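Commentary on secondary and tertiary structure
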Amino acid sequence: MRLRRVLAACTGVLLLAAREAPSSMRVRLERRHGSSQAEASGVESRRLRQVRFSISSVPLFEIGGLEESGATELSTNFARVSAAFLPSGGIAIGDVTRVLFVDARGGITGTTGRAGGGPGEYREIAALCATHNDTIAVADAGQRRITILAVPGRVVRSFQHEINHALSAHGCFADGRVLTVRYQDLSNRTSRMIPVELDLSGRATREWAPIESAQIADVITQPRVSLVTDGRTVYFADGLRSEVQVLNRRGDQVRRIVTGTPLSPVTNDERTKALDRTIPRNVTGAARDAIIARELRREARPTWPTMGRLLPDRSGRLWIQRYRKASERGPFSADEWLAVDSTGRAIGRLALPASVLRDRPASELLDVLGDRVLLKRVDDNGAVRVAVHRLLTR
């Protein structure tokens, strides 16, 4: 179970089923689409060192925290709260079994949902994304179901999915379709990642050519696989190489964004220390050594991932998260993102404020829309807050 939870977290993709996606995708789009002829955009190393973006110290507004009324309090489980910008400038928040709609000034305009399995009910909201006219798609991992909601919370329809479908947190197109992923196992070593476009009735409108992948369950490097859209263009990265693949709506690669991040080998010492951190402290001595020895014999990625998540911005930018090893994600660590424009040119870097308390996770970047960013954080009282900050340019 520990391995399956790590896999789900690593991919950054919501699984709508009990079967998780492979944690490492070895994509062969070059062979499929002739990427040697596709335009490549290089990101210069000197640009990577520049910091041009920051966020306002005071949020424009925030939702959550300890309130007198439970209507605006959010779940205390940091990982189970999701949120996204709406095209109109407001936000939608997925809070485990309900959805909150918030306008651009921070006022709650609607709340819908409760625990259960009926219409308008959820067991575990794991992701949501916004399409046209502030319509959102809400993925319920507990029921393998997608619900379409209109502001201020009216249920348009719900539909089930195949057992291994997944919906990304940035999987909505501006024309009202959503991008899902179906995984097809070929053997115990390989699988296929098949992107499928659905309309808002759940009907498949386009199935892309399969993407071959190598299936390596690696709890040490914990790679992130991203297949996301800014509403028009699709971006793919798996961290195996120092590049992001830019795809059109047919799944053809049209450009590569080359970050130039060097491949860093995973040493035996790093692998041993990383495994040691995953074993409960009450397992000691020979039992602990045996677990580490067994895990070291498993097939694993030979290099650390070259990047973390991809976050598309509907204003035309793409934000690429710097990969951090587990040992670098401790207290007081800061999350860093590289911003590139639509041509793949690096335009700056954003460093989020680090946590100032040892037992608090760092702020998490959820979405970017123009000059505003959407963050999730834990306050001094241990309460989860979703905040909108101004994006500042230096």
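Below you will find a few notes about this structure. (Residues numbered from 1 in each chain as written. Predicted model: local features only at pLDDT ≥ 70, side-chain atom pairs only at ≥ 80, totals over all residues. Heavy atoms only, no water.)

**Description of the sheet that holds strand β13 (residues 145-150)**
Operational definition: A strand pair is defined by DSSP finding two or more bridges across the two strands. A run of H or I in DSSP counts as a helix once it spans at least four residues, and a run of E counts as a strand once it spans at least two, with each numbered from the N terminus. Between N-to-C directions, angles span 0 to 180 degrees; the directions come from axes that are lines fitted to C-alpha atoms, helices contributing only their stretch in contact.
Pairing is antiparallel in the open sheet, where four strands are placed in the order β11-β12-β13-β14. Each edge of the open sheet carries a strand with a single partner, namely β11 (125-130) and β14 (154-160). Averaged over all pairs of adjacent strands, the angle between their axes in this sheet comes to 20°, without regard to strand direction. For β11 and strand β12 (residues 136-140), the ladder comprises five bridges, and the chain directions are antiparallel. Bridging across to β12, Leu 128 finds its partner in Val 138.

**Some details on the sheet that holds strand β8 (residues 108-112)**
Spatially, the four strands line up as an open sheet ordered β5-β6-β7-β8, and their pairing is antiparallel. Only two strands of the sheet have a single partner each, and these edge strands are β5 (81-85) and β8. Pairwise comparison of adjacent strand axes, ignoring direction, gives a mean angle of 15° for this sheet. By the bridge criterion, four bridges tie strand β7 (residues 98-102) to β8 in an arrangement that is antiparallel. In the sheet register, Leu 100 faces β8, and the bridge partner there is Thr 111.

**What about the pattern of salt bridges?**
Selection criterion: Criterion for a salt bridge: a side-chain nitrogen of Lys or Arg within 4 Å of a carboxyl oxygen of Asp or Glu. Partly exposed describes any residue whose relative accessible area lies between the buried limit of under 20% and the exposed limit of over 50%, with all areas from a 1.4 Å probe on protein chains only and scaled to the type maximum.
Summed over all chains, the structure comprises 28 salt bridges. Among the salt bridges present, the one from Glu 243 reaches Arg 256, with a minimum N-O distance of 3.1 Å. Here Glu 243, found in strand β22 (residues 243-247), pairs with Arg 256, found in strand β23 (residues 253-258); they are 13 residues apart in sequence, far enough to count as distant. Since its relative accessible area comes to 10%, Glu 243 is described here as buried.

**A word on the state of the cysteines**
Disulfide: a covalent bond formed between the sulfur atoms of two cysteine residues. Going by this rule: The criterion for a disulfide is a pair of cysteine sulfur atoms lying within 2.5 Å.
Scanning all chains against the criterion turns up one disulfide. What pairs with Cys 129 in a disulfide is Cys 172, and their sulfur atoms sit 2.1 Å apart. Across the S-S bond linking Cys 129 and Cys 172, the dihedral sits near 60°, which makes this disulfide right-handed. Taken together, the residues Cys 129 in strand β11 and Cys 172 in strand β15 (residues 165-172) connect sequence positions 43 residues apart. Take Cys 129: its relative accessible area is 3%, and that puts it in the buried class. Judged by its relative accessible area of 1%, Cys 172 falls in the buried class.

**Topic: the packing of aromatic side chains**
In plain terms, the rule: Two aromatic rings, drawn from Phe, Tyr or Trp (for Trp, its six-membered ring), form a pair once their centres lie within 6.5 Å of each other, and the interplanar angle then sorts them: stacked below 30 degrees, edge-to-face above 60, tilted otherwise. Here, over-ring charges are defined by two tests on the NZ atom of lysine or the CZ atom of arginine: distance to the ring centre within 6 Å, and angle to the ring normal within 35 degrees.
Under the counting rule described, the total for this entry stands at two aromatic pairs. Between Phe 53 and Trp 319, the ring centres sit 5.2 Å apart and the planes meet at 65°, which makes this aromatic pair edge-to-face. Remark: Trp 319 occurs in strand β25 (residues 318-321) and Phe 53 occurs in strand β3 (residues 53-55); sequence separation between them is 266 residues. Each member of the pair, Phe 53 as well as Trp 319, carries the same accessibility label: buried. Ring geometry for Trp 304 versus Tyr 323: centroids 6.3 Å apart, planes at 35°, classification tilted. With Trp 304 in the loop between α5 (285-296) and β24 (310-312) and Tyr 323 in the loop between β25 and β26 (336-340), the pair connects residues that are 19 residues apart, well separated along the chain. A residue is classified by how much of its surface remains accessible, and Trp 304, at 6% relative accessible area, is buried. A cation sits over an aromatic face here: Arg 52 above Phe 53, 5.9 Å from the ring centre. In this arrangement the basic side chain of Arg 249 is found over the ring face of Phe 173, its NZ or CZ atom lying 3.6 Å from the centre.

**Observations regarding the nonpolar core**
Just so we agree on the cut-off: What makes a nonpolar core is a set of buried Ala, Val, Leu, Ile, Met, Phe, Trp, Tyr and Cys residues whose side-chain atoms join them at distances within 4.5 Å. Note on definitions: a residue-residue contact is assigned when non-hydrogen atoms from the two residues lie within 4.5 Å.
Core analysis: the biggest nonpolar cluster contains 17 residues, and Ile 91, Ile 93, Leu 374 and Val 386 have the highest contact counts within it. Contributing elements (two or more residues each) for this core: β4 (61-64), β5, β6 (91-95), β7, β29 (372-378) and β30 (384-393). Setting aside residues up to four positions removed in sequence, Ile 91 forms contacts with Phe 61, Ala 84, Phe 85, Leu 86, Leu 100, Phe 101, Val 102, Leu 374, Val 386 and Val 388. Grouped together as the second largest cluster of nonpolar side chains are 14 residues, Ile 55, Trp 337, Ile 347 and Val 368 included.

**Observations regarding α5**
Keep this limit in mind: In this analysis, the expected span of each helix is defined as 1.5 Å times one less than the number of residues it contains. Here the arc refers to the set of directions running from the helix axis out to each C-beta atom.
For α5, which comprises 12 residues, the first-to-last C-alpha distance of 17 Å matches the rise-based estimate of 16 Å (1.5 Å per residue) to within 8%. Here α5 has its buried residues at Arg 288, Ile 292 and Glu 295. An end-on view of α5 places all buried positions within 65° of arc, on one side of the element. Seen from the open side of α5, the exposed residues pointing more than 90 degrees away from its buried face are Ala 286 and Asp 289. Buried residues along α5 sit against α4 (268-278).

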